[in-house]
Protein chains: 2
Amino acid sequence: MKRVSILGSTGTIGAKALAMIEPHPESFEVVALAARSSIDLLERQIRRFSPRLVAVGTPEAAKALKDRVADRSVEIGWGIEGLLSAATAPEADIVLAAMVGAAGLLPSLAAIKAGKDLALATKEVMVMAGELVMAEAKAHGVRLLPVDSEPSAVFQCLAGHNGAHLKRVLLTSSGGPFRKRPRESFTSITPEEALRHPTWVMGKKITIDSATLMNKGLEIIEASWFFDLEARQIEVIVHPQSIVHSMVEFMDGSVLAQMGVTDMGLPILYALSYPERLPTPLPFLDLHALSALTFEPVDHEKFPCVGFAYQALAAGGTYPAALNAANEMAVDFFLSRRITFPEIATLIGKAMDNHRGRKIDSLEDVLEADRETRRLVEGALQA
Amino acid sequence: MKRVSILGSTGTIGAKALAMIEPHPESFEVVALAARSSIDLLERQIRRFSPRLVAVGTPEAAKALKDRVADRSVEIGWGIEGLLSAATAPEADIVLAAMVGAAGLLPSLAAIKAGKDLALATKEVMVMAGELVMAEAKAHGVRLLPVDSEPSAVFQCLAGHNGAHLKRVLLTSSGGPFRKRPRESFTSITPEEALRHPTWVMGKKITIDSATLMNKGLEIIEASWFFDLEARQIEVIVHPQSIVHSMVEFMDGSVLAQMGVTDMGLPILYALSYPERLPTPLPFLDLHALSALTFEPVDHEKFPCVGFAYQALAAGGTYPAALNAANEMAVDFFLSRRITFPEIATLIGKAMDNHRGRKIDSLEDVLEADRETRRLVEGALQA
């Protein structure tokens, strides 16, 4: 029996996690939930999973939720304090960090410091502060488990093999919705078009990241920390069917690939059940679908964000945090129609050029790089 | 440094093993070689690898070889005694069993009993006497390492994962040279046609086995012993490109596949270097080749040998040994043009129907089933 705390329980990943947990009441107990403001869904989750503790974003949301579930014995907190309580709930064995972007950093670190295993869906945490996260995980003897399908695939392929024998990791990318769209027409891409992902059902921010391929860029940085890899050991290969979730190649020419249906439930269930596996409630992969798999290189001219990520990884220090902050801002601007699709990459490129990187000695260095870059990107847009 | 003894050093697998060992003098020392009669090649191998001991099939071959290498200090033995000396050479750490068919059984068991790790290319050994082989390996604390590409793939995919989580193993088959040939024309297949394998370069016996798909049948039985699987956990899937060497599917829907270039050097090097990996002297897999992969079910009407193997596995006891003996005889008859291609399966089917299976308590039970079946098949042909 694992006791689970889910941060971001009403988002795509959080809700999917609960859907995967539901058929396995003998294996999981949900002890805490945190979400910003989706009171309706939170109420249903409370009634279904009976967590001891729930955290929401504001005192108003907390009040509204309290009224809804007055008949249940559930503690309701709010704000950063509530969130940190959910991240460090004493009875939790594992915390699923599934919040959007930089907001996941503090609760993830708090969970690790409280000795919780961390199933990490919020890759931005690793991008911003991989060095700190890895060091804290080591210091507190906790497991870090990737939840995203690609690093989960790499994790599964490397299990039982010696990392010293690795030649390279091949992260697969669906190529996003604009793989075949001519670059000349990128300025006319609307948020609605960018939010229509061809293979994966995901939240808004990651769906835009998948359209710019920045999602793959963030995964490169995430993978470098998770698996202790250098930039030259990580490659991206476009695989539009999203059946092969990633591959590893060893020095002796052997390649291992992990595959499965295109559903986030798979890596989520694996991370939560690890080192066990549990029967999937999803359909199994139809192996005849394998006959239609294709692979092609990334078009770096159309998708410069992958290159930015390699640069940030090579530069190290606060560069990945700045990359992440610039990307979060640019995605927001695009979704609110303040910039065009190609300007996402332009803004990020400018932010990278202007960032004065430094070594990360503490969390404050990361947060300062994040704040500074957000100011800089906002300023660049005003200019 | 591993000290290696190679049984069948002049065959396809043995010669390939030496080609893979050659670029790694810091990792391997060849201490013993055994071959039947290819004196020319053996002389070259002796001059290149300086083994202490070499065994050949007959006193005549031993005499001829001794004359050739009179200038070298090498001990030359012959017959079953010579072969067993090579299989149990005191300084050997690992023995590569790469002889053809049932002939590999005695030296393989001798190697295990002498405490040697066994890299097993001769799958017939496991088919005939898997129960004995596994028990002896356990009793003597030695490693059994599959050398064939499919079980090597399964071995690599299962490493680091819990066998209790396995749903099924998918052995890939190239489908052989007659995958697309209409069944009506099977009677006109010549040995020359059957020996032209579309993807793998192998010895004669295994090439015919690949044409009848009995090779896959033998692998089903081999895999059941190697990985402790029931027949229902092993499936065969036709994959004409021979890039995916096999796959495993877990209960949670995750599939792991092992891939590589179509060259036996890969699994041979892995088995010999295990648990290390060494840089391959072969080209790496061109990942763009993955775009042309196809998968289809086995046509059991055209290729009944796969079904015979499942039946023998389910029946247990001496049935697999009888299956193997009948197949070895039938392949010989086909190669010497005494029977047609479809009659290989007919003869095996008859032998299976007539076999009176029994439990295997000792090696003698296996050898008796082997001899009895050979007599029976010879008799069936005379009749």
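Described below are features of the structure shown in this document.

Each value, and the rule that gives it
Residues numbered from 1 in each chain as written. Chains lettered and ligands numbered in written order. Predicted model: local features only at pLDDT ≥ 70, side-chain atom pairs only at ≥ 80, totals over all residues. Heavy atoms only, no water. Helix = DSSP H or I, 4+ residues; strand = E, 2+ residues; numbered from the N terminus. Buried < 20%, exposed > 50% of the residue type's maximum accessible area, 1.4 Å probe, protein only. Contact = heavy atoms within 4.5 Å. Areas by Shrake-Rupley, 256 points an atom, 1.4 Å probe, with all protein chains shown as cover. Pairing = 2+ DSSP bridges. Salt bridge = Lys/Arg side-chain N within 4 Å of Asp/Glu carboxyl O. Polar contact = N/O pair within 3.5 Å; in protein donor to acceptor, adjacent residues only side chain to side chain. Nonpolar A, V, L, I, M, F, W, Y, C, P; charged D, E, K, R; others polar. Axes fitted to C-alpha atoms, helices over the stretch in contact; angles between N-to-C directions. Parallel < 35°, antiparallel > 145°, perpendicular 65-115°, else oblique. Right-handed = clockwise from strand over helix to strand, strands pointing away. Least-squares fit on C-alpha atoms with pLDDT ≥ 70 in both. Disulfide = S-S within 2.5 Å. Left-handed = near helix turned anticlockwise from the far one by under 90°. Core = buried A, V, L, I, M, F, W, Y, C linked by side-chain atoms within 4.5 Å. Phe/Tyr/Trp six-rings, centres within 6.5 Å; stacked < 30°, edge-to-face > 60°. Expected span 1.5 Å × (residues − 1).

Quick look at the overall build of chain A
- When you go through chain A residue by residue, the secondary structure sums to 15 helices and 11 strands.
- Principal-axis analysis of the C-alpha atoms gives chain A an extent of 60 × 50 × 40 Å.
- By residue count, 60% of the 383 residues in chain A fall in the buried class.
- Nonlocal contacts in chain A, meaning residues at least 24 apart in sequence, comprise 68% of its contacts between residues at least 6 apart.
- A total of about 14400 Å² of accessible surface is found on chain A, and carbon and sulfur atoms cover 53% of it.

Comments concerning the pairing of strand β9 (residues 234-238) of chain B
Residue and element names in this part refer to chain B.
- Within β9, 4 of the 5 residues are buried, which leaves the element mostly enclosed by the surrounding structure.
- As paired elements, strand β8 (residues 166-173) and β9 share 5 bridges and run parallel to each other. Residue pairing in the sheet places Val 169 in a bridge with Ile 234 of β9.

Quick word on the interface of chain A and chain B
- Counting residues at the interface gives 43 residues for chain A, matched by 43 residues for chain B.
- Viewed at the interface, chain B and chain A are joined by 2 salt bridges.
- When the shortest N-O distance is used, the salt bridge between A:Asp252 and B:Arg277 registers 2.9 Å.
- Seen at the junction of chain A and chain B, the total is 21 residue pairs in polar contact (both at pLDDT 80 or more).
- Taken together, the elements giving at least two residues each to the side of chain A that touches chain B come down to α7 (149-158), β8 (166-173), β10 (244-250), β11 (255-259) and α11 (265-273) of chain A.
- Per-element tally for the side of chain A that touches chain B: the top contributor is β11(A), with 5 residues.
- For the side of chain A that touches chain B, the per-class residue count stands at 23 nonpolar, 13 polar and 7 charged.
- Sheet topology places β11(A) next to strand β11 (residues 255-259) of chain B; 5 bridges connect them, and they run antiparallel. Across the sheet, the residue bridging to A:Val255 is B:Met259, located in β11(B).

Details of the packing of helix α9 (residues 204-212) of chain B against helix α13 (residues 319-335) of chain B
Residue and element names in this part refer to chain B.
- One can describe the packing of α9 onto α13 by two numbers: an axis separation of 10 Å at closest approach and a directional angle of 100°. The pairing of α9 with α13 is recorded here as roughly perpendicular in orientation. For the pair α9 and α13, the contacting residues are Lys 204, Lys 205, Ile 208 and Asp 209 in the first and Asn 324, Asn 327, Glu 328, Val 331, Phe 334 and Leu 335 in the second.
- Looking at the contact of α9 with α13, its residues break down into 4 nonpolar, 2 polar and 4 charged.

Description of the sheet that holds strand β6 (residues 117-120) of chain B
Residue and element names in this part refer to chain B.
- The parallel open sheet is built from 7 strands, whose spatial order is β4-β3-β2-β1-β5-β6-β7. Taken across any chain shown, the strands that pair with only one partner, and hence form the sheet edges, are β4 (75-78) and β7 (144-146). Between one strand and the next, the sheet's axes are offset by a mean angle of 25°, whatever the strand orientation.
- Strand direction decides the pairing type here: strand β3 (residues 53-56) and β4, joined by 4 bridges, are parallel. Counterpart to Leu 53 in the pairing with β4 is Glu 75.

As for the pairing of β6(B)
Residues and elements named next belong to chain B.
- Residues Asp 117 and Ala 119 point to one face of β6 and Leu 118 and Leu 120 to the other, with burial holding for every one of them.
- Where strand β5 (residues 94-97) and β6 come together, 4 bridges link them in parallel fashion. Considered in β6, the bridge of Ala 97 is made with Leu 120.
- Direction of pairing for β6 relative to β7: parallel, over a ladder of 3 bridges. Within β7, the residue paired with Leu 118 across the bridge is Leu 144.
- Once you follow β6 into helix α6 (residues 123-140) and on to β7, the crossover reads as right-handed.

A look at the relation of the copies chain A and chain B
- Rotating chain A by 180° and moving it 0.0 Å along the rotation axis overlays it on chain B with an RMSD of 0.0 Å. Both copies of the chain, as the preceding transformation shows, are related through a two-fold rotation axis. For chain A, the residue whose C-alpha comes nearest the rotation axis is A:Gly160, separated from it by 1.8 Å.

Section: the state of the cysteines
- For the coordinates displayed, the defined rule picks out 0 disulfides over all chains.
- Lacking any disulfide linkage, B:Cys157 is separated from the closest cysteine sulfur, that of A:Cys157, by 8.0 Å.
- Exposure remark for B:Cys157: the relative accessible area of 0% places this residue in the buried category.

Considering the packing of helix α14 (residues 341-354) of chain B against helix α15 (residues 363-382) of chain B
Residues and elements named next belong to chain B.
- It is the contact of α14 with α15, at a shortest axis distance of 10 Å, that shows an interaxial angle of 125°. By the angle between their axes, α14 is oblique relative to α15. The handedness of the crossing between α14 and α15 is right-handed. In contact with Leu 347, Ala 351 and Asn 354 of α14, α15 contributes Thr 373, Leu 376, Val 377 and Ala 380.
- Classifying every residue of the contact of α14 with α15 by side-chain character gives 5 nonpolar, 2 polar and no charged.

Considering the nonpolar core
- Ranked by internal contacts, the top residues of the largest apolar core, which has 286 residues, are A:Met247 and B:Met247.
- Among residues more than four places away in sequence, those in contact with B:Met247 are A:Met259, A:Leu287, A:Leu290, B:Arg168, B:Val169, B:Leu170, B:Thr172, B:Ile237, B:Val255, B:Leu256, B:Ala257 and B:Phe295.

Focus on the pattern of salt bridges
- All chains considered together, the criterion is met by 66 salt bridges over all chains.
- A salt bridge links B:Glu124 to B:Lys205, with the shortest nitrogen-to-oxygen separation between them at 2.8 Å. Within this pair, whereas B:Glu124 is found in helix α6, its partner B:Lys205 is found in helix α9, the two being separated by 81 residues in sequence. Neither residue differs from the other here; B:Glu124 and B:Lys205 are each classed as buried.
- The network of salt bridges with shared partners includes A:Asp40, A:Glu43, A:Arg47, A:Arg68 and A:Asp71.

Thoughts on the packing of aromatic side chains
Residues and elements named next belong to chain A.
- Taken as a whole and assessed by the stated rule, the structure comprises 18 aromatic pairs over all chains.
- Taking 5.2 Å as the distance between ring centres and 80° as the angle between the ring planes, the aromatic pair formed by Phe 178 and Phe 341 counts as edge-to-face. Of this pair, Phe 178 sits in the loop between β8 and α8 (191-194) while Phe 341 is found in helix α14 (residues 341-354), placing the two residues 163 residues apart along the sequence.
- Relative to Phe 303, the ring of Phe 186 lies with its centre 5.9 Å away and its plane at 55°, an arrangement referred to as tilted. Placement of Phe 186 in the loop between β8 and α8 and of Phe 303 in the loop between α11 and α12 (305-315) is noted, with a sequence separation of 117 residues between them. For the pair formed by Phe 186 and Phe 303, the shared burial category is buried.
- Feature note: the residues Phe 178, Phe 186, Phe 303, Phe 334 and Phe 341 constitute an aromatic cluster, connected by ring pairs.

Focus on α15(B)
- Taking 1.5 Å per residue as the helical rise, α15(B) with its 20 residues ought to reach 28 Å, and the 29 Å between its terminal C-alpha atoms agrees with that figure.
- Contact partners of the buried residues in α15(B): α5 (105-113), α6, α13 and α14 of chain B.

Some thoughts on the environment of A:Gly8
All names here are of chain A.
- Note that Gly 8 resides in the loop between β1 (2-7) and α1 (12-21).
- When the C-alpha positions of Gly 8 and Ala 322 are compared, they lie 23 Å apart, and in sequence the two are 314 residues distant.
- Leave out the neighbours within four places in its chain, and Gly 8 touches Gly 14, Ala 34, Ala 98 and Met 99.

Here we look at α11(A)
- In terms of burial, α11(A) is largely enclosed, as 9 of its 9 residues are buried.
- For α11(A), the full list of buried residues reads A:Gly265, A:Leu266, A:Pro267, A:Ile268, A:Leu269, A:Tyr270, A:Ala271, A:Leu272 and A:Ser273.

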